[in-house]
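Architecture and fold: a report
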Amino acid sequence: MVGLALTLVLIAFVVRLLQVQAVDASTYAAKAEQNRYVGYTLAAERGGITDRAGVALATSVDAYTITADPTLFTRKQLKIGDGPEQAAALLAPILGEEQDTLVKKLRPANKDLRYVVLANRQTPQVWKQIKDLKSALGTKAEDDKSTVNVLAGVLAVPTSKRVYPNGDLAAGILGWVNADGKGGGGVEQQLNSLLAGKDGKIRYAQSGGVQVPTVGSTETPAVPGSDVELTIDRDIQWAAQNAITDQVEESKADRGYVIVQDTRTGEILAMANSPGFDPNDLSKASSVNMGNAALQDAFEPGSTAKVMSMAAVLEQGVATPQTHVVVPNRLHRGDRLFKDDINHPTWYLTLNGVLAKSSNIGTILATGQLGKTQRQANQVLYSYLRKFGLGRYTGLGFPGETPGILARPGDWSTSQQYTIPFGQGVSINAMQAASVYSTIANGGVRTEPTLVRGTKGPDGRFTPAAKPKETRVVSARTAKTLAQMLESVVDDEEGTGTKARIPGYRVAGKTGTANRVDPATGKYKGYTSSFAGFAPADKPRITVYCAIQNATKGNYFGGQICGPVYKKVMEFALKSLQVPPTGAKAARLPVIYKP
């Protein structure tokens, strides 16, 4: 009977063995494989962003993504029913997460889930704190069999965290990186595919949440992202940002922007916005300020646009800087009575004087000569505005950039055909405005603005950015004449831009004060104050454009609040780039004439 019993037991074992090893072998092998091996993504190191001198503007530091294997927190695994709750109570204060949120992750609806993320991109100090606590619980569990290590299933994946060493400096250009490790704005978003690199994968054997070192693992290495070198000069960016921030605060304005551009190459040396944000701490950032307003705001430029009207008049040969223009106090055109910024007796100005004194009426009269009819004049002016870059993207390819608004001349209203020549009824962004003056400074050739000098791949090889597109807008002769006329705005006592004077340098510039459309209501409210120009006027090197939106304290005229910003930024840039004065005397074109 004993022998028979043993035989029956052995037969049962054999049958079961055949079932496991032969009949259901593949099923059990798959289950074993699933429980034994764990895989996760190896995050690629994100490329850095530097200024033109190689100074770090955005970089990545070591960090850890804290993860967990929910199957290691079950009652079956830990022999207790509240494993997730105990683990969450320990982790919540370390990770800064809500305890209930962690419990839901550790006890997911999908019972087979093997991988959850508890917290992204934590510092090495955070992971060390968890690892020490985990080790202490493990030691205690070994000494006291009645306790369990509730953190045994908590793991960490090496990754990186984005850091911006200069805080809010150039934040509007750089953008930020979101929780998923992808660019959320600015250059970080625009060049995300270059910066991000290519993630790798690793798969290894584990037991109790610990990698088994004696069992081989398979790994596909991550490919680091490329480094990006911008055209920005960190020091000039700092000067521009400080100057515009101070003036926006003093004027209690909604916002302001300053752009500094190399007139010879089109490279942007600075693009500052105020107010801005710190990409290191987005929790304190306002969504309104997280973009790049210098490229994303569309506004009516006002009198800074008159230089394009003058360019058309000169290039078409219908007038010269000395041409006499009689400017009455009021001018009736279409359905409106037009006036200048101030009441005045009849002015007897030269065309140069019209620009120097920023006369709206004089500009209307001058551009009216562009065609035999007003309709023809509109068409000619429109063609020049388009060549200067209005109504189209600048070529930067920046996220959220606006092309502005420039209607076709056939769609201009009765009043628009007279307001567009002096900068109302047409909308641009700050970069477009700066590019207009850089075009004049560059001898009449428009060079598309550039923000990226080149990239450096994982192999260390530097690849320069493609050469920007160049388009001739006006002749070199017209550009030189315009530069001399713009000097009168700053240098002549009759000019509106005297606060932009820089001792020792010849400065060309133009003021602007435009009625502003309130983006909240769509109606005119307040003013856009601006100043644009370049220096040295006779051998241009740098263009600076400043605009301030809705100044509510003190003066709101562009020459008064943007002229000083222009001066501060231009002086700093000239010294920083070691641009000497030319020493040549100004042309001093006449502003008024005696009838």
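The structure presented is a predicted model; accordingly, all values stated were derived computationally and were not measured.

Analysis parameters
Numbers given for residues are sequential positions, taken from 1 along each chain in its written order. Totals for whole chains, interfaces and linings use all residues, but because this is a predicted model, local features are given only for residues with pLDDT of at least 70 and pairs of side-chain atoms are given and counted only at 80 or more. The side-chain values count all of the structure's non-hydrogen atoms but skip hydrogen atoms and water molecules. What counts as a helix is a DSSP run of H or I of at least four residues, what counts as a strand is a run of E of at least two, and both are numbered from the N terminus. The globule rule used here is 2.2 Å times the number of residues to the 0.38 power, and the radius of gyration it is set against is calculated over C-alpha atoms. Contacts are residue-level and defined by heavy atoms, with any inter-residue pair within 4.5 Å sufficient. Surface accessibility in these figures is a Shrake-Rupley result with a 1.4 Å probe; residues are shielded only by whichever protein chains are displayed. The charged-residue count follows a simple rule in which Lys and Arg add positive charge and Asp and Glu add negative charge, with His and chain termini not counted at all. Note on charges: their place is set at NZ of Lys, CZ of Arg, CG of Asp or CD of Glu. Lining residues are defined by having an atom within 4 Å of a point belonging to a cavity or pocket. Those points lie on a 1 Å grid over the protein atoms alone, cavities being sets where a 1.4 Å probe fits but cannot get out and pockets being open sets with protein on both sides within 12 Å along at least five of seven lines. Grid points are joined across faces, edges and corners, and a volume is the space filled by probe spheres set on the points. Domain delimitation follows an automatic or database domain assignment. Helix axes are fitted only over the stretch in contact, all axes being lines through C-alpha atoms; the angle between N-to-C directions runs from 0 to 180 degrees. For classification purposes, an angle smaller than 35 degrees is called roughly parallel, one larger than 145 roughly antiparallel, one from 65 to 115 roughly perpendicular, and anything else oblique. Left-handed describes a crossing in which the near helix is turned anticlockwise from the far one by less than a right angle; the clockwise case is right-handed. Residues are grouped as follows: nonpolar covers Ala, Val, Leu, Ile, Met, Phe, Trp, Tyr, Cys and Pro; charged covers Asp, Glu, Lys and Arg; every other residue, Gly included, is treated as polar. The nonpolar core is taken to be a set of buried Ala, Val, Leu, Ile, Met, Phe, Trp, Tyr and Cys residues, with the residues joined through side-chain atoms within 4.5 Å. Classification of residues uses two cut-offs on accessible area relative to the type maximum, computed with a 1.4 Å probe and protein chains only: under 20% is buried, over 50% is exposed, and between them is partly exposed. To estimate the expected span of a helix, count its residues, drop one, and scale the result by 1.5 Å. The directions from the helix axis to the C-beta atoms form the arc being described. Whether two strands pair depends on DSSP finding at least two bridges between them. By convention in these notes, a salt bridge is any Lys or Arg side-chain nitrogen within 4 Å of a carboxyl oxygen on Asp or Glu.

**Some thoughts on the overall build of the protein**
- The helix and strand inventory of the protein stands at 20 helices and 24 strands.
- Taken over C-alpha atoms, the radius of gyration comes to 34 Å for the protein, far larger than the 25 Å a tight globule of 595 residues would show.
- In terms of its C-alpha atoms, the protein occupies a principal-axis envelope of roughly 140 × 45 × 45 Å.
- Restricting to contacts in the protein with at least 6 residues of sequence separation, those with at least 24 account for 72%.
- Carbon and sulfur atoms make up 51% of the accessible area of the protein, which amounts to about 27,800 Å² in all.
- Placing the 67 positive and 52 negative side-chain charges of the protein at their respective mean positions leaves the two points 5 Å apart.

**Let's talk about empty space enclosed by the protein**
- In this structure the tally under the stated criterion is five cavities of 30 Å³ or more.
- Size it by volume and the largest cavity reaches roughly 80 Å³.
- The wall of the largest cavity is formed by 14 residues, among which Asp168, Ala171, Gly172, Gln241 and Asn273 lie closest to the centre.
- Listing elements by their share of the lining of the largest cavity, those giving two or more residues are helix H7 (171-174), helix H10 (234-251) and strand E13 (268-274).
- When residues in the lining of the largest cavity are grouped by element, the largest group, three residues, is from E13.

**Some words on the domain arrangement of the protein**
- On domain assignment, one finds that the protein holds domain 1 (61-163) and domain 2 (234-577).
- Of note, the centres of domain 1 and domain 2, computed from C-alpha atoms alone, are 57 Å apart.

**Here we look at the packing of helix H4 (residues 83-95) against helix H6 (residues 124-143)**
- Look at H4 against H6: their axes get within 10 Å of each other, and the N-to-C directions meet at 160°. Viewed along their axes, H4 and H6 adopt a mutual orientation that is roughly antiparallel. Of the two possible hands of crossing, H4 and H6 adopt the one that is right-handed. Residues Leu90, Leu91, Ile94 and Leu95 of H4 form the contact with H6, whose own contacting residues are Val126, Gln129, Ile130, Leu133 and Leu137.
- Across the contact of H4 with H6, the residue classes tally to eight nonpolar, one polar and no charged.

**Overview of the nonpolar core**
- Ranked by size, the top nonpolar core spans 89 residues in total, and within it Leu230, Met271 and Leu390 carry the most contacts.
- Residue contributions to this core peak at eight residues, all from helix H17 (residues 430-441).
- Once you skip the residues sitting within four places of it in the chain, leucine 390 turns out to touch Met308, Leu385, Leu406, Val426, Ile428, Gln432 and Val436.
- The next biggest cluster of nonpolar side chains, apart from the first, holds 31 residues, and it includes Val260, Leu269, Ile502 and Cys546.

**Considering helix H20 (residues 563-576)**
- With 14 residues, H20 extends 20 Å from end C-alpha to end C-alpha; this agrees with the ideal 20 Å at 1.5 Å per step.
- Within H20, the full set of buried residues consists of Gly563, Val565, Tyr566, Val569, Met570, Ala573 and Leu574. Viewed along the axis of H20, the buried residues span an arc of 150°, placing them on a single side of the element. In H20, those exposed residues whose orientation departs by more than 90 degrees from the buried face are Lys568 and Lys575.
- Packing partners of the buried residues in H20 comprise H10, strand E12 (255-262), strand E22 (508-517), strand E23 (524-535), strand E24 (542-549) and helix H19 (558-561).
- Trailing H20 by a residue or two, glutamine 578 shows a phi angle of about 55°, which is positive.

**Some words on the pairing of E24**
- Most of E24 is tucked away, with eight of its eight residues classed as buried.
- The alternating pattern of E24 places Ile542, Val544, Cys546 and Ile548 and Thr543, Tyr545, Ala547 and Gln549 on opposite faces, both of which are buried.
- As paired strands, E12 and E24 are joined by eight bridges and run antiparallel to one another. Bridge pairing links glutamine 261 to threonine 543 in E24.
- When E23 meets E24, the two strands line up antiparallel, connected through eight bridges. Its bridge partner being in E24, glycine 533 is matched across the sheet by valine 544.
- If you look at the hairpin formed by E23 and E24, you'll find six residues sitting between the two strands.

**Some words on the sheet that holds E12**
- Pairing is antiparallel in the open sheet, where five strands are placed in the order E13-E12-E24-E23-E22. With partners counted over all chains shown, the strands left at the sheet margins are E13 and E22, one partner each. Across the sheet, the mean angle from the axis of one strand to that of its neighbour is 10°, orientation sign disregarded.
- Here nine bridges tie E22 to E23, and the two strands are oriented antiparallel to one another. Bridging from a neighbouring strand, asparagine 515 pairs with tyrosine 527 of E23.
- Its contacts with the sheet place H10 against E12, E13 and E24, and it is angled at close to 25° to E13.
- Taken strand by strand, H17 contacts E12, E13, E22, E23 and E24, and its axis lies near 30° from that of E12.

**Some thoughts on the side chain of threonine 478**
- Structurally, threonine 478 is set in helix H18 (residues 476-491).
- Taking relative accessible area as the criterion, threonine 478 reaches 7% and is therefore assigned buried.
- With near-sequence residues (within four places) excluded, threonine 478 lies in contact with Ala311, Leu314 and Glu315.

**Some points on unusual backbone geometry**
- In this chain, serine 274 is followed by proline 275 through a cis amide linkage whose omega measures 0°.
- Structurally, proline 275 can be placed in the loop between E13 and helix H11 (293-296).
- Here the bond from alanine 535 into proline 536 is cis, since omega is -15°, no more than 30 degrees from zero.
- Mapped onto the elements, proline 536 comes out in the loop between E23 and E24.

**Thoughts on the pattern of salt bridges**
- Inspection of every chain in the model, using the stated rule, returns 19 salt bridges.
- In this structure, glutamate 188 engages arginine 46 in a salt bridge whose closest nitrogen and oxygen atoms are separated by 3.0 Å. With glutamate 188 in helix H8 (residues 186-190) and arginine 46 in the loop between strand E1 (37-42) and strand E2 (49-50), this residue pair connects regions lying 142 residues apart in the sequence.
- Note on arginine 46: relative accessible area 8%, which makes it buried.
- A salt bridge links arginine 264 to aspartate 262, with the shortest nitrogen-to-oxygen separation between them at 3.4 Å.
- Taken together, the shared-partner salt bridges connect Arg52, Glu229, Glu267 and Arg453 into one network.

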